[in-house]
Amino acid sequence: MTSTNALTLSGALADRDAWSAGGVCSIERTLAVVGTRSAMLLLREAYYGARRFDDLAHRAGITEAAAATRLKQLVESGVMRLEPYREPGRRTRNEYVLTERGRELFPVIVALMQWGDAHLSDVPGGPIRLSHAGCGAEVGVALRCAAGHDVGLEETVASANSASAKS
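Rules used in this analysis
- Residues numbered from 1 in each chain as written.
- Predicted model: local features only at pLDDT ≥ 70, side-chain atom pairs only at ≥ 80, totals over all residues.
- Heavy atoms only, no water.
- Helix = DSSP H or I, 4+ residues; strand = E, 2+ residues; numbered from the N terminus.
- Rg over C-alpha atoms; globule rule 2.2 N^0.38 Å.
- Buried < 20%, exposed > 50% of the residue type's maximum accessible area, 1.4 Å probe, protein only.
- Core = buried A, V, L, I, M, F, W, Y, C linked by side-chain atoms within 4.5 Å.
- Expected span 1.5 Å × (residues − 1).
- Arc of directions from axis to C-beta.
- Contact = heavy atoms within 4.5 Å.
- Phe/Tyr/Trp six-rings, centres within 6.5 Å; stacked < 30°, edge-to-face > 60°.
- Lys NZ or Arg CZ within 6 Å of the ring centre and 35° of its normal.

Draft legend 1. Representation of the overall build of the protein in the model. When you go through the protein residue by residue, the secondary structure sums to 7 helices and 4 strands. Ordered by position from N to C terminus, the α and β elements of the protein give β-α-α-α-α-β-β-α-α-β-α. For 167 residues, the compact-globule estimate of 2.2 N^0.38 gives 15 Å, and the protein exceeds it by more than 25% at 20 Å. Overall size of the protein, expressed as C-alpha extent along the three principal axes, is 65 × 45 × 30 Å. When each of the 167 residues of the protein is scored for burial, the buried share is 22%.

Shown next as structure tokens:
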């Protein structure tokens, strides 16, 4: 197989000029939810355990206005949910809690972290090491097929999903 530095388009996708991913692309739709720097930094802080608005905004290093806008979007998209809490003698407030959708974004954040560690970090391996609490081994993201093979870009084939081809 000749390396093309691209994945292989197959079936209905083979004629690249015959279709457009615009508007239906999962990447595009995901970026509409989490594609801003502030959204990604707020998610990072949520993964590190921050739940309260002030902590999230401060630790992400963004303005309260930007944090309020992004957190509202993350809640509306189902990535986070509001959970009420009340400290003694104070009014009820909300914390921001990751939903299952939000937890499912964790590998995306880890992949970005790995890329940054490999290509942008002054510290070999990056400034933070992620490890499995169960055994201590390093945690990382890898692209694998369902049969367990590591898969590279040139070994990947894209074809129209049969469910989307019917619509």
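Draft legend 2. Highlighting the nonpolar core. Among the nonpolar cores identified, the biggest contains 21 residues, and L42, L43, L56, L71, L74 and M80 are the most heavily contacted of them. If you list the elements that add at least two residues to this core, you get α2 (37-47), α3 (53-60), α4 (64-76) and β3 (93-98). Residue contributions to this core peak at 6 residues, all from α2.

Draft legend 3. Region of the structure containing α4. The terminal C-alpha atoms of α4 lie 18 Å apart, and with 13 residues this matches the ideal 18 Å at 1.5 Å per residue to within 8%. Looking only at α4, the buried set comprises A67, L71 and L74. Each buried residue of α4 sits inside an arc of 60° when the element is viewed along its axis, so together they form one side. Among the exposed residues of α4, those pointing more than 90 degrees away from its buried face are A65, K72 and E76. The elements touched by buried residues of α4 are α1 (26-34), α2, α3, β2 (80-85) and β3. Within two residues after α4, G78 carries a phi angle of roughly 85°, on the positive side.

Draft legend 4. Up close: the packing of aromatic side chains. Scanning all chains against the criterion turns up 1 aromatic pair. Here Y47 and F106 contribute two aromatic rings whose centre-to-centre distance is 5.2 Å and whose plane-to-plane angle is 65°, an arrangement assigned as edge-to-face. Of this pair, Y47 sits in helix α2 while F106 sits in helix α6 (residues 106-119), and the two are 59 residues apart along the sequence. F106 sits in the partly exposed class, given a relative accessible area of 35%. Against the face of W19 rests R16, its NZ or CZ located 4.0 Å from the ring centre. For the cation-ring pair, R52 lies above Y85, with the distance from its terminal atom to the ring centre recorded as 3.8 Å.

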